[in-house]
Amino acid sequence: MSSPHPSGAPPAGDPAAAAIRMMAASPPLRDLVSDVIEEGWARWGLPRQDVTGILAAAMDTPDDATRTAFTAAPYLCRPDLAFADGYAAARAAKFDVFADLIAPHVRPGPVCDMGAGDVQLISRLAQRTKSGSRFVATDVFGEPLDDGDVSFVLQEQPDRLPLADSSTATVIATGMLHHMSAEVRSRLLDDVRRCLTPDGALILLEDTYPAMDWPSRDDVDERFQALSSDDRWGFLAATDWWGNRVMKNLPDVPLPCTFLDLAGWRVTLAGAGLAVRSADYLGVVDCGGHMATPRSLVVAEPIG
Ligand SMILES: C[S@@+](CC[C@H](N)C(=O)[O-])C[C@H]1O[C@@H](n2cnc3c(N)ncnc32)[C@H](O)[C@@H]1O
C-alpha cells in the first residue's frame, strides 16, 4: 500500500507543523499554497492581501502556527460580519459543487454522509436526488437533528456507523478519511461495507492525487504535479491545517493527515471488501470554497 507520507513513515510529531516547515523550506510549495489560498480569498471578497503575511507568521513558528496566524489576523478567530459572510458563502458554494459531483453516483435507497460536519451536503442531495427516503448525516461531533427526510445522528464510535446491517444504498465520505489513523480508517471502512446494501456504493471525494505523473488539468495542477512527492503531501497537509485549524477556528483539531494516493485507495478499499468501480482525479479543483485541494472522486462497491 502506498504510504500516507510518500517518503515512508508519517513525519514525527504534528503533521501540520511538519507541513508548515516544508512550506518554509520549499519555495514552490509555499508559493503554490499561498497562490491557491489568495485566489480563493479574492473570489469570496476576503482580504487576499493579508494571506502572505499570515503564512509568513505561521512559518516563523511552525509549532505554534495557528496561534501566530490568529495574532497576525485576529478576524480569523473573531470574524467580523464581512469575513463571516464571505466564508459562509464560500462553504455553501463548496457544497453546491460537491453535490453536483456526487448526485449522479447516488444509488436508489437511503443515503448516509459520514463525517459530514453538518447537513449542508446531505440536504442538497435530498433536494437533488430522488434516491431514497432517508438522508442521514453522521459525525463524531455535532448536535443531533431530525428535520423530516434529513437527519444528523451522532456517531458514538469513530469506527462504527449508527446504521443497520445492509441498510444503506449510498455512503458518502468527503474530506474525512484522512482525519483518522490508518487503523481506525480500516475499521470504519469495514463498517461501511457492513452497512451497504449489496448493490450499494461508497462515494469518496477525498484530498488525494494519482500516484504517478498524470496529464495536468490546468496551470495549478501542473505546478502541483511539479512538486516533489513529499511536497505534494505537504500541500495537502498545509491546506488541511489552513482549512481546519485556521479557517474553521479549530486550533486543537487532530490532523493526522493520513492521505492516500489513488493507488493506495484501491488497496485500502479492497482490504474492506470494496472494489473501485471508478476513480477520477479532479485536479486542484475550484470547489468554490476558500481554498482548493487536489481531490479525487472514487466510487466503490461491495465485493461479492
Ligand atoms: C474536514 S471535516 C469534513 C467535513 C465535511 N465532510 C466536508 O466535506 O466539509 C472532517 C470531519 O470528519 C469528522 N471525523 C473525524 N473522524 C471521524 C470518524 N472516525 N468518523 C466520523 N467522522 C469523523 C470530523 O469530526 C469532521 O467533521
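Below you will find a few notes about this structure.

Cut-offs used in this document
Residues numbered from 1 in each chain as written. Predicted model: local features only at pLDDT ≥ 70, side-chain atom pairs only at ≥ 80, totals over all residues. Heavy atoms only, no water. Helix = DSSP H or I, 4+ residues; strand = E, 2+ residues; numbered from the N terminus. Rg over C-alpha atoms; globule rule 2.2 N^0.38 Å. Contact = heavy atoms within 4.5 Å. Areas by Shrake-Rupley, 256 points an atom, 1.4 Å probe, with all protein chains shown as cover. Lys, Arg positive; Asp, Glu negative; His and termini not counted. Charge placed at Lys NZ, Arg CZ, Asp CG, Glu CD. Buried < 20%, exposed > 50% of the residue type's maximum accessible area, 1.4 Å probe, protein only. Salt bridge = Lys/Arg side-chain N within 4 Å of Asp/Glu carboxyl O. Axes fitted to C-alpha atoms, helices over the stretch in contact; angles between N-to-C directions. Parallel < 35°, antiparallel > 145°, perpendicular 65-115°, else oblique. Left-handed = near helix turned anticlockwise from the far one by under 90°. Near = heavy atom within 4 Å. Polar contact = N/O pair within 3.5 Å; in protein donor to acceptor, adjacent residues only side chain to side chain. Nonpolar A, V, L, I, M, F, W, Y, C, P; charged D, E, K, R; others polar. Pairing = 2+ DSSP bridges.

### Let's talk about the overall build of the protein chain
Piece 1. What the protein chain contains, in helices and strands, is 10 helices and eight strands.
Piece 2. On C-alpha atoms alone, the protein chain measures out to a radius of gyration of 19 Å, which is about the 19 Å that the 2.2 N^0.38 rule sets for 304 residues.
Piece 3. Counting only C-alpha atoms, the protein chain reaches 50 × 45 × 35 Å along its principal axes.
Piece 4. The contacts of the protein chain with a sequence gap of at least 6 include a subset with a gap of at least 24, amounting to 69%.
Piece 5. A total accessible area of about 12,600 Å² is found for the protein chain, and carbon and sulfur atoms account for 54% of it.
Piece 6. The protein chain carries 26 positive and 42 negative side-chain charges, and their two centres are separated by 3 Å.

### Points about unusual backbone geometry
Piece 1. Backbone geometry at asparagine 249 places phi at a positive 55°, although glycine is not the residue there.
Piece 2. We note that cysteine 257 has phi near 55°; this positive angle belongs to a residue other than glycine.
Piece 3. Tracing the backbone through its elements, the reader meets cysteine 257 in the loop between α9 (229-247) and α10 (262-271).
Piece 4. Overall, cysteine 257 belongs to the buried group, its relative accessible area being 2%.

### Side note on the side chain of aspartate 221
Piece 1. Tracing the chain through its elements places aspartate 221 in helix α8 (residues 219-226).
Piece 2. Despite its burial, aspartate 221 remains without a salt bridge, the nearest opposite charge being carried by arginine 217 at 5.5 Å.

### As for the packing of helix α2 (residues 27-43) against α9
Piece 1. Packing of α2 against α9 leaves a shortest axis separation of 10 Å and a crossing angle of 40°. Put simply, α2 runs oblique to α9. In terms of crossing hand, the pair formed by α2 and α9 is right-handed. Every residue of α9 that contacts α2 at Leu29, Leu32, Val33, Val36, Ile37 and Trp41 is listed here: Asp231, Gly234, Phe235, Ala238, Trp242 and Met247.

### Considering the site of the ligand
Piece 1. The immediate surroundings of the ligand are formed by 18 residues, with Lys94, Gly115, Asp139, Pro158 and Thr174 found nearest.
Piece 2. Here an oxygen atom of the ligand sits 2.6 Å away from a polar atom, N or O, in the side chain of aspartate 139.
Piece 3. In isolation the ligand exposes 590 Å². Once the protein is present, 88% of that is buried.
Piece 4. For the shell around the ligand, the element with the highest residue contribution is helix α5 (residues 81-102), accounting for three residues.
Piece 5. Split into classes, the residues belonging to the shell around the ligand amount to eight nonpolar, seven polar and three charged.

### Notes on the pairing of strand β4 (residues 150-154)
Piece 1. As paired elements, strand β2 (residues 135-139) and β4 share five bridges and run parallel to each other. Residue pairing for β4: threonine 138 is matched across the bridge by valine 153.
Piece 2. Pairing analysis gives three bridges linking strand β3 (residues 145-147) to β4, with the strands arranged antiparallel. By the bridge assignment, aspartate 146 is partnered in β4 with serine 151.

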